[in-house]
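# Residue-level structural notes
Chain residues, written in single-letter form:
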Amino acid sequence: MSIDPPIAEIGGSLRILQVLEPSGGGSGRHFLDLCRGLKRRGHHVEAVYSPVRAEDAFVRELKSLNLPAVHTLAMKRAPGWSDIAAFRALRDIIADGGPFDIIHSHSSKAGALARPHLPGRHIPRVYTPHAFRTMDPALGKAGRLIYGAIELILASLFTDHLICVSNDEYAHARSLGIPERRLSVIVNGVASLRLDMAKTVRASFGITPETFVFGFVGRLSHQKAPERLIEAFRKAAARLPDAQLIMVGSGERERQVRKAIAESGLQNRIRLTSAFTGSQAIPAFDVLVMPSRYEAMSYVMLEAAAAGKPIISTDVGGASTAIDRDKSGLIVANDGDTGKLANAMIESADPARYKAMVAAAEARMSDFSMEKMIDKTQAVYRQLAARA
């Protein structure tokens, strides 16, 4: 099993095309970090993103990188006839902007469009799923069979290398039948957070430094399950009368989330905002809570771990990487039982328990490095380019 590719040797510049559809969340963060880090190392990096679901902050940051070229390509999340036009447009970008040494696609739609090869010079294809669709426990047996078959075909026939972002995602890839020789694990890396933002974020909501704050960062979507957290906080609120919850994010379920907050009766204790980024908000949290239905390796968890914050998470991909179970955080069953999540929140707020969790979390702060992630990704690129 190829878990850790060797750290790359210094070599010549590569021409790399990075392709992404969702343009936000953890996959967007990873995409931006790779583009920035690889450009800084002297590589020619071009980016393709879809404006359909693009977050404004993502677009601003991508443009600020001053890459040689940034291409917009309308890609829709759901399969449809528009995929044919998107596939042709992407082929034109590859042909007109090449020759490229590597094409690296991120998430399922970009991966499906960018990996199939047409006749001509072979360009190595790298794919990072950022959570296989089949990792969603609510998908159902038929859905898992269909999406699993698609992933296996694409990985076996059209993928030179598949990068998993956690050991959990690697294990899932193997369960789909994806060949071991095409896989490696490169855990997402994070930059140091500005811890001084804690006072700014709390002050914006009138929250004192002494108040115990639970935090959530993520897209307001089915995958991230924000409604689970609202219900869990409602159940825990009587036992934690002074605690507050800050939720940072936006997305397709924002209306439903705001409705759930209003119906909880805790509008004065639950704050929903998109005015801050996750990296700005995390220093203001005492405990990060991740109620997700599925993940591969959440950047939010990694940023919290790098900031020395205890984490409560459902048992999803990457949780065991970011959390030293029952020491730096708590992992609860991913079965939809919000009572378990509420109990974990109550436990984490106990002063003695919280102090011990903080100490354990701070001991692991240096475990995650963005430069190491870029080193390993670059090494994969060089190995593939050398064989092409």
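Treat the numbers as computed from the prediction; the structure is a model and nothing was measured. (Residues numbered from 1 in each chain as written. Predicted model: local features only at pLDDT ≥ 70, side-chain atom pairs only at ≥ 80, totals over all residues. Heavy atoms only, no water.)

## Details of the packing of aromatic side chains
Rules: When two rings of Phe, Tyr or Trp (its six-membered ring) have centres within 6.5 Å they constitute a pair, described as stacked for plane angles under 30 degrees, edge-to-face for angles over 60, and tilted for the intermediate range. Secondary structure elements follow DSSP: runs of H or I no shorter than four residues count as helices, runs of E no shorter than two count as strands, and numbering proceeds from the N terminus. By definition, being over a ring means that NZ of Lys or CZ of Arg is both within 6 Å of the ring centre and within 35 degrees of the ring normal.
On inspection of all chains with the given rule, the structure shows six aromatic pairs. Where F212 meets Y354, the ring centres are 5.2 Å apart and the plane angle is 75°; that geometry is what we call edge-to-face. Taken as a pair, F212 in the loop between α7 (197-204) and β8 (213-217) and Y354 in helix α14 (residues 351-362) lie far apart in primary sequence, 142 residues in all. Among the aromatic side chains, those forming a connected cluster through ring pairs are F212, F214, F233 and Y354. R133 extends its terminal NZ or CZ atom over the ring of Y147, reaching a point 5.5 Å from the ring centre.

## Digging into the confidence of the model for the protein chain
Do not read the predicted coordinates in detail wherever pLDDT is low. Short version of the rule: Each residue carries a pLDDT value, the predictor's own confidence for that position, ranging from 0 to 100. What makes two residues a contact is simply this: any of their non-hydrogen atoms within 4.5 Å.
Counting all residues, the mean pLDDT for the protein chain is 91, and 97% of those residues have values of 70 or more. Considering only residues more than four positions removed or in separate chains, one finds that residues 1-9, a stretch of pLDDT under 50, has 25 contacts.

## A look at the sheet that holds strand β11 (residues 287-290)
Defined as follows: By the convention used here, strands pair only if DSSP detects at least 2 bridges between them. In this analysis, axes come from line fits to C-alpha atoms, helices being fitted only over the stretch in contact, and the angle between any two N-to-C directions falls in the range 0 to 180 degrees.
What the six strands build is an open sheet, ordered β10-β9-β8-β11-β12-β13; its pairing is parallel. Of all the strands in the sheet, the pair left with one neighbour each is β10 (270-273) and β13 (329-332). Strand-to-strand twist in this sheet, taken as the mean axis angle between neighbours without regard to direction, amounts to 20°. Its contacts with the sheet put helix α8 (residues 226-236) on β8, β9 (244-248), β10, β11 and β12 (311-314), and the angle it makes with β9 is roughly 170°. Against the sheet, helix α11 (residues 299-306) touches β8, β11 and β12, its axis set at about 165° to β11.

## A word on the sheet that holds strand β6 (residues 161-164)
Across the sheet, seven strands lie side by side as β3-β2-β1-β4-β5-β6-β7; this open sheet has parallel pairing. Every interior strand has two partners, whereas the edge strands, β3 (69-72) and β7 (183-185), have only one. When strand polarity is set aside, the average angle formed by the axes of neighbouring strands in this sheet is 20°. Of the strand pairs in this sheet, strand β4 (residues 102-106) and strand β5 (residues 125-128) are connected by four bridges, and their pairing is parallel. Counterpart to I103 in the pairing with β5 is R125. Sitting on the sheet, helix α6 (residues 167-175) is in contact with β6 and β7, with an inclination near 165° to β7.

## Some words on helix α9 (residues 254-264)
Test applied: Categorising residues by exposure relies on relative accessible area from a 1.4 Å probe, with only protein chains included: less than 20% of the type maximum marks a residue as buried, more than 50% marks it as exposed, and the intermediate range marks it as partly exposed. Working definition: the arc comes from the directions between the helix axis and the C-beta atoms, pointing outward to the latter.
Listing the buried residues of α9 in full gives V257, I261 and S264. The buried residues of α9 occupy one face: seen down the axis, they fall within an arc of 65°. Residues R255 and E263 are exposed on α9 and point more than 90 degrees away from its buried face. Of the surrounding elements, those touching the buried residues of α9 are α8, β9 and β10.

## So, the nonpolar core
Note the threshold: For the purposes of this section, nonpolar cores are sets of buried Ala, Val, Leu, Ile, Met, Phe, Trp, Tyr and Cys residues that join through side-chain atoms within 4.5 Å.
Within the largest apolar cluster, 77 residues are counted, with the highest numbers of intra-cluster contacts made by L62, F285 and M301. With seven residues, α11 is the single largest residue contributor to this core. Here L62 is in contact with F31, L32, A47, Y49, L67 and V70, once residues within four sequence places are set aside.

## Considering the packing of helix α1 (residues 25-40) against helix α2 (residues 56-64)
What counts is decided by this rule: Every angle not falling under 35 degrees, over 145, or within 65 to 115 is termed oblique; those three ranges are roughly parallel, roughly antiparallel and roughly perpendicular. Each residue receives one of three labels: charged for Asp, Glu, Lys and Arg, nonpolar for Ala, Val, Leu, Ile, Met, Phe, Trp, Tyr, Cys and Pro, and polar for the others, Gly being one of them.
Put simply, α1 and α2 touch, their axes get as near as 10 Å, and they point 5° apart. The orientation of α1 relative to α2 falls into the category roughly parallel. For the pair α1 and α2, contact is made by G28, R29, F31, L32 and R36 and by F58, E61 and L62, respectively. In the contact of α1 with α2, the residues fall into four nonpolar, one polar and three charged.

## Things to note about unusual backbone geometry
Of note in the backbone geometry, N66 takes a positive phi value of approximately 55° without being a glycine. As for its placement among the helices and strands, N66 is situated in the loop between α2 and β3. A positive phi is found at H130, a non-glycine position, where the angle reads about 55°. The residue H130 is located in the loop between β5 and α5 (141-158) in this model. Residue H130 is classed as buried on the basis of its relative accessible area, which comes to 15%.

## Focus: a nonpolar patch on the surface
Put simply, the rule is: Patch membership needs two things, relative accessible area over 30% and no salt bridge, and members are linked within 9 Å if like-charged or within 5 Å if nonpolar (Val, Leu, Ile, Met, Phe, Trp, Tyr). To measure how exposed things are, a 1.4 Å probe is used in the Shrake-Rupley method; for residues, cover is taken only from the protein chains shown. Should a side-chain nitrogen of Lys or Arg be within 4 Å of a carboxyl oxygen of Asp or Glu, the pair is scored as a salt bridge.
Taken together, the side chains of I146, Y147 and I150 present a nonpolar region at the surface, about 270 Å² in accessible area. Inspection of the secondary structure puts I146 in helix α5. Classification of I146 by relative accessible area gives exposed; the value is 52%.

## Examining the pairing of β9
Selection criterion: Think of it like this: strands point away, you trace from the first strand over the helix to the second, and a clockwise trace means the crossover is right-handed.
For β9, a buried count of five out of five residues is recorded, marking the element as mostly surrounded by other parts of the structure. Side-chain alternation along β9 places Q244, I246 and V248 on one buried face and L245 and M247 on a second face that is also buried. Relative to β9, β8 runs parallel, the two sharing five bridges. Within the sheet, the bridge partner assigned to F214 lies in β9 and is L245. The β-α-β motif built from β8, the intervening α8 and the parallel element β9 has right-handed crossover chirality. As paired strands, β9 and β10 are joined by four bridges and run parallel to one another. Among the inter-strand pairings, V248 is bridged to a residue of β10, identified as T273. Note that the unit made of β9, α9 and β10 has a crossover that is right-handed.

## A few points about the pattern of salt bridges
Counted under the stated rule, the structure contains 23 salt bridges. Close ionic contact of R258 with E254 constitutes a salt bridge, the shortest N to O distance being 3.1 Å. Taken together, the positions of R258 and E254, both in helix α9 and four residues apart, correspond to about one turn of that helix. Here the salt bridges do not stand alone but share partners, grouping R29, D33, R36 and E61 into one network.

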